[in-house]
Amino acid sequence: MSLSSKALLDALRSVVDPVTGMPVAPTLKESDITLSETGATVRVEPGYVTSAAAKTALTEQLEAAARQAGAAQLTLQFSDTVRAHAVQSGLKPIASVKNIIAVASGKGGVGKSTTSANLAIALAQSGARVGILDADIYGPSQPLIMGVSGKPVSNDGKTMEPLRAHGITVNSIGFLIEADSPAIWRGPMVTQALEQLLRQTNWPDLDYLIVDMPPGTGDIALTLAQKVPVVGAIIVTTPQDIALLDARKGLRMFEKMNIPILGIVENMAMHICSHCGHAEAIFGEDGGRHMAQELDVPWLGALPLAKSIREQTDAGTPTVASDPNSEAAGLYRELARRVAMAVAALPRDMAGRFPSVVVENLKK
Ligand SMILES: Nc1ncnc2c1ncn2[C@@H]1O[C@H](COP(=O)(O)OP(=O)(O)OP(=O)(O)O)[C@@H](O)[C@H]1O
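As recorded in an unreviewed UniProt entry, the protein goes by the name Iron-sulfur cluster carrier protein, listed as coming from Advenella kashmirensis. Here the protein is described in UniProt, under the heading Function (unreviewed entry), as follows: "Binds and transfers iron-sulfur (Fe-S) clusters to target apoproteins. Can hydrolyze ATP." The protein has a UniProt comment under Subunit (unreviewed entry) that states "Homodimer."

Structure below.
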């Protein structure tokens, strides 16, 4: 059978990731394929980092698909480098950070910070370089969740050195303010402080920076969403009607600013009794999943309401770090893979990383 690059392309594009069911290489192009007499050489760049075992499994799947399409011999050049993706027009990306992801919620207390921390650590466990920025002025909880305290130091008097915990880089508005002062801050002060926190932190080279946003769709969340150069947003909700209503507002806020929605996470989806394992839908069932379907945005997964998640979070070692073999940790890793794949499928950043052109008036 003679091999056409179109058939090979279709076959490779149809290969799905076994963890998420999403296509491994949706952005594969004809120019990634070189055909020869007996087979083909294909450059596959899924755009997210995988463990060595996952890489082997994906390579085998791709090879099998290529054989079925008629390629007797296949050379796969597999690279799992994470690329930088486009941000809102008019905003300057942070040079050392490839992708900033906003984690938001319409309503407070739905588990946005817990989800952000576990997501960040799970991404780091997959091999990516990850940071977390706690921009939740109303209740900066990442110092507690990540088990870090102290103040970032400044070596040059201009930028600050972030802290490290559980393999990720952390900075939090909570490191810089007194615990009881945020409530008296006014809107412009808050957004200015948060922008400084983002731009004046000496972030190392990062594949992903997770921004734990302030809850809600008020002025502060809105201004931040306009000023932080993000590639996309994740909305965390509980299945409860009131939280879903607010989540919908949050989602619209990002959509209005042309920020891609990477998906919806349903937290506290089921209560799992720590004694008997009985599952009970305390906040209702599948609300987030239905909302995702209805609004045609990706569904990223559901996390149970589990005492262990709360205890591990309060102890400064989020579930994926403290109990990596638990079912919940597996769900967070699945969430991380879906997020990484959703980011990989976004348009690439082609402009933001060139040095800015300064036009000087030379007339004297
Ligand atoms: N899946 C879960 N199971 C059990 N407890 C959880 C879960 N998710 C979050 N929690 C707990 O719920 C509380 C609120 O969580 P978290 O601080 O992450 O919410 P938030 O949406 O970031 O809140 P805020 O609006 O204050 O920023 C915390 O005590 C946390 O430990």
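**Here's the deal with the sheet that holds strand S4 (residues 97-104)**
Taken together, the eight strands give an open sheet; going across it, the order is S6-S7-S5-S8-S4-S9-S10-S13, and neighbouring strands pair in mixed fashion. Each edge of the open sheet carries a strand with a single partner, namely strand S6 (163-165) and strand S13 (299-302). The average undirected angle you get between the axes of adjacent strands in this sheet is 25°. Bridging between strand S5 (residues 130-134) and strand S7 (residues 168-172) involves four bridges; their strand directions are parallel. Looking at the pairing, Gly-131 lines up with Thr-169 of S7. Against the sheet, helix H8 (residues 241-256) engages S4, strand S9 (232-237) and strand S10 (261-266), with an angle of about 175° to S9. Taken strand by strand, helix H9 (residues 287-295) contacts S9, S10 and S13, and its axis lies near 155° from that of S10.

**A word on the side chain of Asp-17**
Mapped onto the elements of the fold, Asp-17 is located in the loop between helix H1 (5-13) and strand S1 (33-35). Of the polar contacts made by the side chain of Asp-17, one reaches the backbone nitrogen of Val-19; its length is 2.8 Å. Here the side chain of Asp-17 touches Arg-337 through a polar contact of 2.3 Å, side chain to side chain.

**What about helix H7 (residues 219-227)?**
When H7 is considered as a whole, its buried residues turn out to be Ile-220, Ala-221, Leu-224 and Ala-225. Buried residues of H7, viewed axially, fall in a sector of 130°; they line one side.

What counts and how
- Residue indices follow the written sequence of each chain, beginning from 1 at its first position.
- It should be noted that, the model being predicted, local features are given only for residues of pLDDT at least 70 and side-chain atom pairs only at 80 or more, the latter also being counted only at that level, while totals for whole chains, interfaces and linings use all residues.
- The basis for the side-chain values is all heavy atoms of the structure; hydrogens and waters are excluded.
- UniProt positions are given in the numbering used here, feature names are shortened, and annotations may be inferred rather than shown by experiment.
- Strands are treated as partners if at least two bridges between them are detected by DSSP.
- The helix count covers DSSP runs of H or I at least four residues long, the strand count covers runs of E at least two residues long, and both are numbered beginning at the N terminus.
- Between the N-to-C directions of two axes lies an angle of 0 to 180 degrees, each axis being a line fitted to C-alpha atoms and, for a helix, fitted only over the stretch in contact.
- Between two residues, a contact is recorded if the distance between any of their heavy atoms is within 4.5 Å.
- In the analysis that follows, any N or O atom pair within 3.5 Å is treated as a polar contact, provided that within protein one partner can donate a hydrogen and the other can accept it, and provided that, for residues neighboring in sequence, both atoms belong to side chains.
- Type-normalised accessible area, obtained with a 1.4 Å probe on protein chains alone, sets the label of each residue: buried when under 20%, exposed when over 50%, and partly exposed for intermediate values.
- Starting at the helix axis, one direction is taken to each C-beta atom, and the arc is that of these directions.

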